[in-house]
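Working through the structure, step by step
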Amino acid sequence: MTGNKIISADGITKSFGTLQVLRGVEFSAAQGEVVAITGASGAGKTTLLQILGTLSTPDAGSLVIDGTDVLSLESRELAAFRCRRIGFVFQFHHLLPEFTALENVMIPALIAGRSSKDASAAALALLENVGLAARSSHKPSELSGGEQQRVAIARALINRPAVLFADEPTGNLDSATKEEIHRLFFRLRDTLGQTIVIVTHDPSLAALCDRTLTMRDGEFL
């Protein structure tokens, strides 16, 4: 590991009806570490990512993110923590079509209570970081798929999260654009010290990560 432990999960279980999806999973990631979670469809990867990202609650287990016992937080506290300390990137970018790239990136900062001036400056700096400063006034329909995903990554980073979670972040992109996004993740790790947890079926992306964990039947092998 490359630094202090940023996320630590122990004994995570989750069932849907009679189907047990996670079976006492343990997971941790350090500051500045990029961890890949791989495995066949139905292995429990996305369920685990949703729990680690506080979008879902486990049936049992503990979860500490950036020193906070997130499972002990009330719903409003948890929502505020998620906004400030967790970033998400999905296979589909989910940008708001009526807003420009700059405005899309600003939204989480505004929700977190930052001023419009501060949010705008931070968003522009991030767009520059991901190579899109010149496209900041463009709406999603005017951007390529790779550009839209870079906007989504900038949006996920606007509040300086402790952890960036990515669920199949390049699953919808062509091979050249995939490589571009892969390089971006590791540049963010190197320049920002960003901790990143990636669920992926892409062996080339997994091979680049600091660690790769493989799930099968709700457990790590």
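Residues numbered from 1 in each chain as written. Predicted model: local features only at pLDDT ≥ 70, side-chain atom pairs only at ≥ 80, totals over all residues. Heavy atoms only, no water.

1. Some words on the overall build of the protein chain
The helix and strand inventory of the protein chain stands at seven helices and ten strands. Against the compact-globule benchmark of 17 Å for 221 residues, the protein chain has a radius of gyration of 17 Å, which places it among compact chains. On the principal axes, the C-alpha backbone points of the protein chain span a range of 50 × 40 × 35 Å. For the protein chain, buried positions account for 49% of its 221 residues. Only carbon and sulfur atoms are counted for the fraction: they give 50% of the accessible area of the protein chain, which is about 10200 Å². (Helix = DSSP H or I, 4+ residues; strand = E, 2+ residues; numbered from the N terminus. Rg over C-alpha atoms; globule rule 2.2 N^0.38 Å. Buried < 20%, exposed > 50% of the residue type's maximum accessible area, 1.4 Å probe, protein only. Areas by Shrake-Rupley, 256 points an atom, 1.4 Å probe, with all protein chains shown as cover.)

2. Details of the side chain of T100
One can find T100 in the loop between β6 (86-89) and α3 (101-111). The exposure class assigned to T100 is buried, which follows from its relative accessible area of 14%. Beyond its immediate sequence surroundings of up to four residues, T100 is in contact with S136, S137, H138 and K139. (Contact = heavy atoms within 4.5 Å.)

3. Re the pattern of salt bridges
Scanning the model with the defined rule gives seven salt bridges in all. As a salt-bridge pair, E33 and R211 come within 2.7 Å of each other at their nearest N and O atoms. Of this pair, E33 sits in the loop between β2 (19-30) and β3 (34-38) while R211 is found in strand β9 (residues 211-216), placing the two residues 178 residues apart along the sequence. Note on R211: relative accessible area 26%, which makes it partly exposed. One salt bridge in this structure joins R85 and D66, with 2.7 Å as the shortest N-O distance. Here the residue R85 occupies a position in helix α2 (residues 75-85), and D66 occupies one in the loop between β4 (60-65) and β5 (68-69), the gap between them amounting to 19 residues. (Salt bridge = Lys/Arg side-chain N within 4 Å of Asp/Glu carboxyl O.)

4. So, the environment of R85
Expressed as a C-alpha distance, the spacing of R85 and L143, which sit 58 residues apart in the sequence, is 28 Å. In contact with R85, not counting residues within four places along its chain, are D66, N159, R160, P161, A162 and V163. Side chain to side chain, R85 and D66 meet in a polar contact 2.7 Å long. Within the structure, the side chain of R85 is placed 2.7 Å from the backbone oxygen of R160, a separation counted as a polar contact. (Polar contact = N/O pair within 3.5 Å; in protein donor to acceptor, adjacent residues only side chain to side chain.)

5. Some thoughts on the environment of H93
Looking at the element boundaries, H93 is found in the loop between β6 and α3. Note on H93: relative accessible area 24%, which makes it partly exposed. Along the primary structure H93 and Q148 are separated by 55 residues, whereas in three dimensions their C-alpha atoms are 6.6 Å apart. Not counting residues within four places of it along the chain, the set of residues in contact with H93 comprises Q148, Q149, A152 and R155.

6. Observations regarding the nonpolar core
Residues L127, V151, I153, F185 and I198 are the most contacted members of the largest nonpolar core, which totals 37 residues. Secondary-structure elements contributing two or more residues to this core are β3, α3, α4 (116-129), α5 (145-157), β7 (163-167), α6 (175-192), β8 (195-199) and α7 (203-208). Here this core takes six residues from α5, the largest share from any one element. Residues I37, L49, I86 and V163 belong to the second largest nonpolar core, which totals 30 residues. (Core = buried A, V, L, I, M, F, W, Y, C linked by side-chain atoms within 4.5 Å.)

7. Some remarks on the sheet that holds β2
Reading across the sheet, the four strands line up as β2-β1-β4-β5 and stay open at both edges, with antiparallel pairing between neighbours. This sheet does not close on itself; its edge strands, each paired only once, are β2 and β5. By the bridge criterion, nine bridges tie strand β1 (residues 5-16) to β2 in an arrangement that is antiparallel. Each residue of the ladder has a partner; that of S15, found in β2, is Q20. Packing of helix α1 (residues 45-52) onto the sheet brings it into contact with β1, β2 and β4, and relative to β1 it is tilted by some 125 degrees. (Pairing = 2+ DSSP bridges. Axes fitted to C-alpha atoms, helices over the stretch in contact; angles between N-to-C directions.)

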